[in-house]
Amino acid sequence: MRMLVFAVALMLTTFAEAQTVKVTGEVTKPLTLSAADLAAMPRTTTVAKDKGGVEHSFSGVALRDIFKDAGVTTGRQLRGENLAKYVLVTCADNYQVVFSLAELDSSFTDRVVILADQMEGKPLPAGVGPFRIIVPGEKKPARNCFQVTGIAVKFAKD
Amino acid sequence: MIMRKGFLKYGYGLAACLAFVMGALAFVSRPGPTPYPLSYPGYFGNRINIPADNPTTMEGVALGRRLFYEKRLSANNTVSCGTCHLQRLAFTDGRRFSIGFDGTPTKRNAMSLANSLWVRNFFWDGRASGLEAQAVTPLTDPHEMGQSLDSSVVKLRAAGSYAGAFYAAFGAAVITPERIVRAIAQFERTLISADAPYDRFLRGEYHFTPLEQEGYELFFGGGPVRSVGCSNCHGGPRTLTETYHNNGLDSVFADPGRAGVTGMAYDRGRFRVVTLRNIALTAPYMHDGRFASLSQVLDHYSDHLAGGPTLSPTLRDTAGRPEPLHLTAGEKKALLAFLNALTDSTFITDPRFSDPKIN
């Protein structure tokens, strides 16, 4: 009986905790983005290969659009010491990857890195979604990381 | 000359002043504890974890070593950290579940303490951030050592022999719960294993046998043989990336693993990827010690991956189905040879890590 109550409690907490992405660090407005928030933002579609080499279309929100909402130094503000900023992406399994802020910025590059929530128009599969990073044109897919939970903008301090 | 005149003129005042300042300094400061030289190979990287308020010192480590082997820290003076973490077994105990002071088995398999300096979240589910926080659990767990930190303080004080060591380590003879865990954590940070044949290979001092070489290439990829992807999770020279994965042991989870900490469905059955250093010494294997031998572990990855929504994508094919590695008998032999080359006999016999009461 006690086990049952415990199991039910665990299930409830599990389902109560909807998956979100927290945007923190050098931002003027920290964000906690849900699936609904992403659906309401400007959408971008891009293509990337899976580990079998097959191309798929992914859609979601460009990191630069997320940064606009969060008040990150982008575009004309991305100069001087702000060029020493980097973006640390953390996933549910504790995997982490880094981008420099400049390599995500439209004034530096045409490449648009997105936080994807759909593949071929459908939600991402379990174990990969609900949110993942897609870096178009990257040779090795190691930064196309799964189950993103956090995007932190930080200053390199050394 | 002018200097000298000036000195003479102000000399007495200055000297008096200096004498006062130096006297005051001598009074408040003492020769502090000596920093402990943590040495490790460059290929381990410098992402080490030492809290600013607990630097590693010779005196702190010496005290921590005594405390690590101190049975008075358990309720009936029968168990120390060293009871479940034996040096000769790379700080594991060879049991499926460990036995605490009251005879109750632990819920999980004891973990190796090698190279904890690089670990940020401890236990199979990563629930303790930092060695200081981690140490409180076994000390106070009702079945492991079963004693409040306050009782430990009282017992160490009564033992009489600890005041000097606490003074040397922390500049105060007062024994506090915080200093007990800090000293133990300092000792654990020194448990660095970096002298296995694999290390000598990395340093260019050892040639792998052909079988070890093949196992190394299977494990890490990049050689003429196929990669079986162990290094996707057990990556880098430390043979771990600090991530949580479901490596296909079960599809129904008796132990929720990481989900017990985060409450997230996607974490069910996920456990921390642990180091494989000294793995030949640390049987049985996995969080519940279900596999008695490394051959059984390889059979698991080869043929028995359980499916389920949280199985790591690394162990699935592109359609999302479990993708067992289908290792040949030869590949298994090669992987075993490489895993055996991770045994560091210097580490398990290093006198700095042993029970100071014995050597």
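Predicted, not measured: the structure shown is a model, and the values here were computed from it.

We now examine the overall build of chain B. Regarding its fold elements, chain B presents 13 helices and four strands. Judged by the C-alpha coordinates and their principal axes, chain B covers about 90 × 55 × 40 Å. Within chain B, counting contacts between residues at least 6 apart in sequence, those at least 24 apart form 64% of the total. Carbon together with sulfur atoms contributes 61% to the accessible area of chain B, which is approximately 16,800 Å² in total. Of the side chains in chain B, 37 bear a positive and 31 a negative charge, and the two mean positions are spaced by 8 Å.

Once that is clear, we can look at the nonpolar core. Counting residues in hydrophobic clusters, the biggest one holds 31 residues, and the most contacted among them are Ile66(A), Leu115(A), Ile133(A) and Val148(A). Of all elements in the fold, only strand 1 (21-25), strand 2 (31-33), helix 3 (63-70), strand 5 (85-91), strand 6 (96-100) and strand 10 (148-155) of chain A reach the threshold of two or more residues within this core. When residues of this core are assigned to their parent elements, the largest contribution, four residues, is made by helix 3 of chain A. Beyond its immediate chain neighbours, meaning those up to four positions away, Ile66(A) contacts Val23(A), Leu31(A), Leu33(A), Leu38(A), Met41(A), Val61(A) and Leu115(A). With 27 residues, the next largest nonpolar core counts Cys230(B), Val297(B), Leu305(B) and Phe338(B) among its residues.

It is worth spelling out the pairing of strand 10 of chain A at this point. Residue and element names in this part refer to chain A. Examined bridge by bridge, strand 1 and strand 10 share four bridges and lie parallel to one another. In the sheet register, Val-23 faces strand 10, and the bridge partner there is Ile-151. Where strand 5 and strand 10 come together, seven bridges link them in antiparallel fashion. Residue pairing across strands places Val-87 opposite Val-153, the latter belonging to strand 10.

Looking now at the side chain of Lys85(A). Position of Lys85(A) relative to the elements: it lies in strand 5. Only 3.0 Å separates the side chain of Lys85(A) from the side chain of Thr73(A), close enough to count as a polar contact.

This part is about the sheet that holds strand 6 of chain A. Residue and element names in this part refer to chain A. With respect to topology, five strands assemble into an open sheet ordered 2-1-10-5-6, the strand pairing being mixed. Both edges of this open sheet fall to strand 2 and strand 6, since each of them pairs with a single strand only. Averaged over all pairs of adjacent strands, the angle between strand axes in this sheet comes to 20°, irrespective of strand direction. Lying on the sheet, helix 3 is in contact with strand 1, strand 2, strand 5 and strand 10; it crosses strand 2 at an angle near 135°.

On to the pattern of salt bridges, then. If charged atoms from side chains of opposite charge come close, those side chains can pair. With the rule as written, the count across this model stands at 26 salt bridges over all chains. The partner of Arg182(B) in a salt bridge is Asp53(B), with the nearest N and O atoms 3.1 Å apart. Here Asp53(B) lies in the loop between helix 1 (2-28) and helix 2 (58-68) and Arg182(B) lies in helix 7 (residues 177-189), a separation of 129 residues in the sequence. With its nearest N and O atoms 2.7 Å apart, the salt bridge here joins Asp199(B) to Arg277(B). Of the two residues, Asp199(B) is situated in helix 8 (residues 197-202) and Arg277(B) in the loop between strand 4 (271-272) and helix 11 (294-303); the sequence distance between them amounts to 78 residues. Through salt bridges with shared partners, a single network forms among Glu103(A), Arg111(A), Glu138(A) and Arg143(A).

Glancing now at the interface of chain A and chain B. A common way to report how large an interface is uses the accessible area buried once the components associate. Each side of the interface is counted separately: chain A has 20 residues, and chain B has 22 residues. Summing the contributions of chain A and of chain B, the shared interface buries around 1,600 Å²; its carbon and sulfur component is 54%. Remark: the boundary between chain A and chain B carries zero salt bridges. Linking chain A with chain B are five residue pairs in polar contact (both at pLDDT 80 or more), by the criterion used here. In terms of residues, the side of chain A that touches chain B owes the most to one element, helix 1 (residues 2-16) of chain A, which gives four residues.

On to unusual backbone geometry. For the bond from Gly129(A) to Pro130(A), the omega torsion is 5°, close enough to zero to count as cis. Turning to its location among the elements, Pro130(A) is positioned in the loop between strand 8 (122-123) and strand 9 (132-134). Pro284(B) follows Ala283(B) through a cis peptide bond whose omega is -10°. Tracing the backbone through its elements, the reader meets Pro284(B) in the loop between strand 4 and helix 11. One non-glycine residue with positive phi stands out, namely Gln147(A), at about 45°. Relative to the assigned elements, Gln147(A) resides in the loop between strand 9 and strand 10. The exposure class assigned to Gln147(A) is buried, which follows from its relative accessible area of 5%. Positive phi values are uncommon outside glycine, yet His326(B) reaches one of about 45°.

This part takes up the confidence of the model for chain B. Residues and elements named next belong to chain B. On average, residues of chain B carry a pLDDT of 91, and 91% of them reach 70 or more. Note that pLDDT drops below 50 for residues 1-27; the model gives that stretch two contacts with residues more than four away or on any other chain. What the predictor reports for the complex is a pTM of 0.87 with an ipTM of 0.73.

Attention now goes to helix 4 (residues 131-140) of chain B. Given 3.6 residues per helical turn, the α-helix brings residues three or four places apart onto the same face. Residue and element names in this part refer to chain B. Looking only at helix 4, the buried set comprises Leu-131, Glu-132, Gln-134, Ala-135, Pro-138 and Leu-139. Looking down the long axis of helix 4, one finds its buried residues gathered within 155° of arc, a one-sided arrangement. Close packing links the buried residues of helix 4 with strand 1 (121-122), strand 2 (128-129), helix 5 (149-159) and helix 7.

Parameters and conventions
Residues numbered from 1 in each chain as written. Chains lettered and ligands numbered in written order. Predicted model: local features only at pLDDT ≥ 70, side-chain atom pairs only at ≥ 80, totals over all residues. Heavy atoms only, no water. Helix = DSSP H or I, 4+ residues; strand = E, 2+ residues; numbered from the N terminus. Contact = heavy atoms within 4.5 Å. Areas by Shrake-Rupley, 256 points an atom, 1.4 Å probe, with all protein chains shown as cover. Lys, Arg positive; Asp, Glu negative; His and termini not counted. Charge placed at Lys NZ, Arg CZ, Asp CG, Glu CD. Core = buried A, V, L, I, M, F, W, Y, C linked by side-chain atoms within 4.5 Å. Buried < 20%, exposed > 50% of the residue type's maximum accessible area, 1.4 Å probe, protein only. Pairing = 2+ DSSP bridges. Polar contact = N/O pair within 3.5 Å; in protein donor to acceptor, adjacent residues only side chain to side chain. Axes fitted to C-alpha atoms, helices over the stretch in contact; angles between N-to-C directions. Salt bridge = Lys/Arg side-chain N within 4 Å of Asp/Glu carboxyl O. Buried area = accessible area lost by both parts, 1.4 Å probe. pLDDT = per-residue confidence, 0-100. Arc of directions from axis to C-beta.

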